[in-house]
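Examination of the molecular architecture
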Amino acid sequence: MPPATPPAQDPAHESSRGTGAEPAGGDRQRRSTSPRGVLLAASSFCAVALVALVGVLDVPYVSLSPGPVLDVLTEPEQDDAQDDGRGSGEQALVEVSGAPTYPTEGRLDLTTVSLRGGPGLEQSLWEVLLAWRDPQVSVVPRELYYAPRTTQEEADALSAAEMASSQEAAQVAALTELGIDVDATTTRRVQEVAAAAPAAGVLRPGDVIESVDGAPVADFEALKAAVGALPAGAEVSLGITRSGEPLEVTTRTYAPEGETLLGVVPDVEYDSPVEVDIAIEDIGGPSAGTVFALAVVDLLTPGALTGGEHVAGTGAIAVDGTVLPIGGLRQKVIGAARAGATWFLAPARECGEVAGAVPDGITVVGVATLHEARTAVEAIGDGRGDEVATCAQVAAAG
């Protein structure tokens, strides 16, 4: 903002300049400032201060914009291998070993959002205001994505853990969809903690629970039995291993539905006859799970699942094949349309998010399970795209 123009001086009060002379009587005249001048100066100062404050003040919001789009099926060209998130070399994004695989064609894209405003990438009020004006950007409270006082290192570690978990869930869901048995073992490792549990402020994902009140627990069943024998609200001492270091922490049990619990969701280890390798760098979070699972199904079945069509999608996936909501759906559809996709698979529970906001040239399909997603892509590949349920139809149905 340009500085305010100073008010004109009243000639009757102009002091002598450049001569060093003093008025008669030895008293130095003082130039008076009008009330209007004071007001203008104060207003200018406040305006400059406000602009400076708007430019630096951190606000608790994050902005989501369309991010990179990656084809999970195509073997990358060597020159592009460094630029598409795969890392070095010529490895395809998804590779399967331990079972016969089949060539495919078409494109199956995972989509992402670029998120700004999290730990280490805080936004000023000015940046948030600009983001609010952009129709392709969503601005949402930071607490929807990050717990209070989360550091950048913690956020990065969680994002990487979510990506690793999504890859494992995608593998199990895909193999189960194809009728391939996968052995599962529940461990004492904490995958997550219920927000309402007293342990939410004590235990962290990745902690391994070794003992309860000093008594070692050999497996998850022993852990569950030891906690279940305690009354609700009882103080309990847990021996844990965190990042390789032994610790002892104290929390309380609770019984949300009558059964005494710690409120932890245990991690599960899977033993599969088929190995899936997903080579991806610099992308985190769980939202590519459904697309990863479809890629595994495609590689393990004859023919091209997409029939040569360009399909994109998003959605976290559970090991039982349930497609879970992920957020940032509008931005991902925009990114997919920019990349040339003509079909987009979205979690059915989020179809309302894109109502009236789908770009021209792309059809958004709502899916609730991996089986529905597979069936929809097969129909698209067979030229029967008019048979699939679009997000508009899913949202209208309820």
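Residues numbered from 1 in each chain as written. Predicted model: local features only at pLDDT ≥ 70, side-chain atom pairs only at ≥ 80, totals over all residues. Heavy atoms only, no water.

1. Thoughts on the packing of helix H3 (residues 152–177) against helix H7 (residues 370–381)
Note the cut-off: Under this scheme, a helix contributes an axis fitted over its contacting stretch, all axes are lines through C-alpha atoms, and angles between N-to-C directions fall in the 0 to 180 degree range. The helix and strand labels rest on DSSP assignments: H or I over at least four residues marks a helix, E over at least two residues marks a strand, and numbering proceeds from the N terminus. Reported orientations rely on four angle classes, namely roughly parallel under 35 degrees, roughly antiparallel over 145, roughly perpendicular from 65 to 115, and oblique for the rest. The crossing is said to be left-handed when, going from far helix to near helix, the turn is anticlockwise and less than a right angle, and right-handed when the turn is clockwise. It only takes one pair of heavy atoms within 4.5 Å for two residues to be counted as in contact. Just so you know the grouping, Ala, Val, Leu, Ile, Met, Phe, Trp, Tyr, Cys and Pro go in nonpolar, Asp, Glu, Lys and Arg go in charged, and all remaining residues, Gly too, go in polar.
Look at H3 against H7: their axes get within 10 Å of each other, and the N-to-C directions meet at 70°. What the angle tells us is that H3 and H7 run roughly perpendicular. Seen from above, H3 lies across H7 with right-handed handedness. Counting all contacts with H3, which are made through Ala173, Ala174 and Glu177, the residues of H7 involved are Leu370, His371 and Arg374. Taken together, the residues of the contact of H3 with H7 break down into 3 nonpolar, 1 polar and 2 charged.

2. What to know about the nonpolar core
Note the threshold: As used here, the term nonpolar core means buried Ala, Val, Leu, Ile, Met, Phe, Trp, Tyr and Cys residues forming a set that is joined through side-chain atoms within 4.5 Å. Relative accessible area decides the class of each residue, using a 1.4 Å probe on protein chains only: under 20% of the type maximum gives buried, over 50% gives exposed, and in between gives partly exposed.
Counting residues in each nonpolar core, the largest one holds 45 residues, and the members touching the most others are Val72, Val94, Leu110, Phe292 and Leu345. Broken down by secondary-structure element, the contributors of at least two residues to this core are strand S2 (94–97), strand S3 (107–116), H3, strand S11 (275–278), helix H5 (289–299), strand S15 (343–347), strand S16 (363–367) and H7. Looking at this core element by element, the count peaks at 8 residues for H5. In this structure, Val193, Val217, Val227 and Leu238 belong to the second largest nonpolar core, which totals 20 residues.

3. A look at the pattern of salt bridges
Condition: Whenever a carboxyl oxygen of Asp or Glu lies within 4 Å of a side-chain nitrogen of Lys or Arg, that contact is scored as a salt bridge.
Evaluated as defined, the whole model comprises 11 salt bridges. Linking Arg188 and Glu210 is a salt bridge whose minimum nitrogen-to-oxygen distance equals 2.9 Å. Taken together, the residues Arg188 in strand S5 (residues 183–193) and Glu210 in strand S6 (residues 208–212) connect sequence positions 22 residues apart. By relative accessible area, Arg188 is classed as partly exposed at 22%. Owing to a relative accessible area of 30%, Glu210 belongs among the partly exposed residues under this scheme. Its salt-bridge partner being Asp267, residue Arg189 comes within 3.2 Å of it at the nearest N-O pair. Highlighted residues: Arg189 in strand S5 and Asp267 in strand S10 (residues 264–271), separated in sequence by 78 residues. Taking relative accessible area as the criterion, Arg189 reaches 29% and is therefore assigned partly exposed.

Limitation: the analysis is restricted to geometry and does not speak to function.
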